[in-house]
Amino acid sequence: SQKIILKRVYIFSFSLPIVLYLIIYFYSAMTQPGAGTIFARKNRSQPLKGSNGIDVVVSPGEHQIYTKIMQIVHKYTTADDFVVCFPYCPGINLITNRNTYQRKLYVDDAHLRFPHKIDMIIKKIRLHKPAIVIYTNWAINGTKQSMFKNWAKKIVRHLAAHYSYFGDVHGYHVYIRPNKLK
């Protein structure tokens, strides 16, 4: 009957865009490492056990980096110490089982529009005295300007003046509060 045909056409015309959207979404998500999918495990074969008991699978290069960072953090901090990471690397706090005082973990070159925010970051470093500060020069917004060393020069200068530069761990610059090196 005509009612059944119209009902089927209505259902089909309503369902088709939804089905197409889901197909495109799942195809896109499954091919993006940042989506936390099976694709993200590509080239990741090394199990890594974080200090808090978390188990993750990382690439051999990541395993080397995170193992070294965990060794440094455990050697120079206690469970009560803060570890701060810039511009965005909360995984370090997670795998080392060290707290941060930061409420907002993501900082980028947008802070340049509000210079007082950079001063606030330095003020919080002075106040909370993290045992270790780590930063990476990842171009977080895909531009040279968004690299931490370029937009956060004032913070880097503060670290150089008040912390001991431990070194570069495959792109992670590690600063340790001098009294922690004893």
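Each remark here, short or long, concerns the structure printed above.
The structure presented is a predicted model; accordingly, all values stated were derived computationally and were not measured.

## Some points on the overall build of the chain
Thought 1: Helix and strand counts for the chain stand at six helices and six strands.
Thought 2: Starting at the N terminus and ending at the C terminus, the chain contains elements arranged as α-β-β-α-β-α-α-β-α-α-β-β.
Thought 3: Its C-alpha atoms give the chain principal-axis dimensions of roughly 85 × 40 × 30 Å.
Thought 4: Per-residue burial for the chain yields a buried fraction of 36% across its 182 residues.
Thought 5: Carbon and sulfur atoms make up 61% of the accessible area of the chain, which totals about 11800 Å².
Thought 6: Side-chain charges in the chain split into 26 positive and 8 negative, and the spacing between the mean points of these groups amounts to 5 Å.

## Regarding the pattern of salt bridges
Thought 1: In this structure the tally under the stated criterion is three salt bridges.
Thought 2: In this structure, Lys 49 and Asp 55 form a salt bridge, with 3.3 Å as the shortest nitrogen-oxygen distance.
Thought 3: Note that Asp 81 is salt-bridged to Lys 180, the shortest N-O span being 2.7 Å. In this pair, Asp 81 sits in the loop between helix H2 (60-76) and strand S3 (83-86) while Lys 180 sits in the segment after strand S6 (172-176), placing the two residues 99 residues apart along the sequence.

## Describing helix H4 (residues 115-128)
Thought 1: Helix length check: H4, at 14 residues, gives a terminal C-alpha distance of 20 Å against a target of 20 Å (1.5 Å per residue), a fit within 8%.
Thought 2: Those residues of H4 that sit buried are Ile 118, Ile 121, Ile 122 and Ile 125. For H4, the angular spread of the buried residues around the axis is 90°, confining them to a single face. Turned more than 90 degrees away from the buried face of H4, the exposed residues are Lys 123, Arg 126 and Leu 127.
Thought 3: Following H4 by one or two positions, Lys 129 has its phi on the positive side, about 45°.

## Structural notes on the sheet that holds S6
Thought 1: Overall, mixed pairing links the four strands, which are arranged S3-S4-S6-S5 in an open sheet. This sheet does not close on itself; its edge strands, each paired only once, are S3 and strand S5 (164-169). Mean inter-strand twist for the sheet, computed between neighbouring axes without regard to direction, equals 20°.
Thought 2: Pairing of S3 with strand S4 (residues 132-136), which is carried by four bridges, proceeds in the parallel orientation. Looking at the pairing, Val 84 lines up with Val 133 of S4.

## Concerning the nonpolar core
Thought 1: If you look at the biggest cluster of nonpolar residues, it comprises 18 residues, and the most contacted ones within it are Phe 86, Ile 125, Phe 148, Ile 155 and Leu 159.
Thought 2: Of all elements in the fold, only S3, H4, S4, helix H5 (148-151) and helix H6 (153-162) reach the threshold of two or more residues within this core.
Thought 3: A total of four residues in this core trace back to one element, the largest contributor, which is H4.

## Brief notes about unusual backbone geometry
Thought 1: Cis geometry is found at the peptide bond from Phe 86 to Pro 87, where omega equals -5°.
Thought 2: One can find Pro 87 in the loop between S3 and helix H3 (90-96).
Thought 3: Phi is positive for Lys 129, which is not a glycine, with a value near 45°.
Thought 4: Its location among the elements puts Lys 129 in the loop between H4 and S4.
Thought 5: A positive phi is found at His 170, a non-glycine position, where the angle reads about 50°.
Thought 6: For His 170, the position within the fold is in the loop between S5 and S6.

Quick notes on the rules
- Residues numbered from 1 in each chain as written.
- Predicted model: local features only at pLDDT ≥ 70, side-chain atom pairs only at ≥ 80, totals over all residues.
- Heavy atoms only, no water.
- Helix = DSSP H or I, 4+ residues; strand = E, 2+ residues; numbered from the N terminus.
- Buried < 20%, exposed > 50% of the residue type's maximum accessible area, 1.4 Å probe, protein only.
- Areas by Shrake-Rupley, 256 points an atom, 1.4 Å probe, with all protein chains shown as cover.
- Lys, Arg positive; Asp, Glu negative; His and termini not counted.
- Charge placed at Lys NZ, Arg CZ, Asp CG, Glu CD.
- Salt bridge = Lys/Arg side-chain N within 4 Å of Asp/Glu carboxyl O.
- Expected span 1.5 Å × (residues − 1).
- Arc of directions from axis to C-beta.
- Pairing = 2+ DSSP bridges.
- Axes fitted to C-alpha atoms, helices over the stretch in contact; angles between N-to-C directions.
- Core = buried A, V, L, I, M, F, W, Y, C linked by side-chain atoms within 4.5 Å.

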